[in-house]
Amino acid sequence: MKTNIHLAKINYDNAFEICKLRVKKAQKNFVASNMASLAEAFAARESGMTALPFGIYNGDSPIGFVMIGYDVPLDDDDDPKKCWFLKGNYLIWRFMIDKRYQGRGYGKEAFKQVLDYIKTWPCGKAEYAWLSYEPENEVAKKMYASFGFEEVPDVYDGDNWDEMPAVLKL
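Because the structure is a prediction, the values reported are computed rather than measured.

Colleague: Explain the overall build of the protein to me, using residue names and the numbers behind them.
Modeller: Along the backbone of the protein there are 4 helices and 7 strands. Taken from the N to the C terminus, the helices and strands of the protein come in the order β-α-α-β-β-β-α-β-α-β-β. Taken along the three principal axes of its C-alpha coordinates, the protein extends 45 × 35 × 30 Å. The 170 residues of the protein split such that 45% are buried. In the protein, the share of contacts with a sequence separation of at least 24, taken over all contacts with a separation of at least 6, comes to 67%.

Shown next as structure tokens:
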């Protein structure tokens with residue numbers, strides 16, 4: 001099957017169709033809704049942070065969502081030595097493929113394009129890209145590892161960090 005996977009900036013024209021995308025019921029605890037993510041992106045930008053939300057498309061059809069951050073500030077509870085990957089680096093803040101399009105290789109192709117986009121340094125040069133995921137999300141863990149992401153288990157504590165961070169050297 002021929003695909004035309006690409007990223008498109010979120011704007012007034014496509015925001016609502018991106019908000020309609022959903023993951024499978026068993027995945028609901030693994031990722032925030034796209035609507036909540038867009039609200040978070042707006043709030044982050046209003047606070048001076050960087051949030052870059054994109055729709056993932058196959059041709060003209062929306063199939064997923066990704067949000068990228070840059071230079072994420074430390075929270076009060078974050079240990080700067082343990083959280084060395086936050087400052088001056090890219091965060092793949094959200095990533096989801098709609099339940100109707102999972103299992104077709106679209107996620108891997110889209111994720112490759114996300115990394116390619118990050119490597120254009122849209123917010124400045126960085127040494128790392130990082131992300132985090134629910135430890136029980138084996139599918140995500142396997143996919144991210146296939147791109148070279150390595151877990152940072154000493155940060156995960158189940159309280160302040162309830163997701164497992166993973167880092168990729170760019």
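From this point, the narrative continues.
Colleague: Tell me about the nonpolar core, residues and numbers included.
Modeller: Membership of the largest hydrophobic core comes to 30 residues, with the highest contact counts inside it found for I92, F95, F111, Y144 and F149. Among the elements that line this core, the one with the most residues is helix α3 (residues 106–118), at 6 residues. If we skip the residues at most four places from it in the chain, F111 touches I92, F95, L131, M143, Y144, F147 and F149. Residues F65, F85, V152 and V167 belong to the second largest nonpolar core, which totals 28 residues.

Colleague: Tell me about the environment of K99, and name the residues and values.
Modeller: Within the element layout of this structure, K99 appears in the loop between β4 (90–97) and α3. In sequence terms K99 and K25 are 74 residues apart; their C-alpha atoms lie 8.9 Å from each other. Ignoring anything within four residues of it in the chain, the contact list for K99 reads R22, V23 and K24.

Colleague: Describe α3, listing the residues and the values that go with them.
Modeller: One full turn of an α-helix is made of 3.6 residues, so residues set three or four places apart face in the same direction. A rise of 1.5 Å per residue sets the reference length of α3, with its 13 residues, at 18 Å; its end C-alpha atoms lie 18 Å apart and thus fit the reference within 8%. All of the buried residues along α3 are Y106, G107, A110, F111, Q113, V114, L115 and I118.

Colleague: Mind laying out the pattern of salt bridges, listing which residues take part and the relevant values?
Modeller: The full count for this structure, using the stated rule, is 6 salt bridges. Taking the shortest distance from any N to any O, the salt bridge between R100 and D98 comes out at 2.7 Å. A relative accessible area of 2% places D98 in the buried class. A salt bridge links E127 to K169, with the nearest nitrogen and oxygen atoms 2.8 Å apart. Taken as a pair, E127 in the loop between α3 and β5 (128–133) and K169 in strand β7 (residues 164–169) lie far apart in primary sequence, 42 residues in all. Taking the relative accessible area as the measure of exposure, E127 reaches 41% and is therefore partly exposed.

Criteria and cut-off values
- Residues numbered from 1 in each chain as written.
- Predicted model: local features only at pLDDT ≥ 70, side-chain atom pairs only at ≥ 80, totals over all residues.
- Heavy atoms only, no water.
- Helix = DSSP H or I, 4+ residues; strand = E, 2+ residues; numbered from the N terminus.
- Buried < 20%, exposed > 50% of the residue type's maximum accessible area, 1.4 Å probe, protein only.
- Contact = heavy atoms within 4.5 Å.
- Core = buried A, V, L, I, M, F, W, Y, C linked by side-chain atoms within 4.5 Å.
- Expected span 1.5 Å × (residues − 1).
- Salt bridge = Lys/Arg side-chain N within 4 Å of Asp/Glu carboxyl O.

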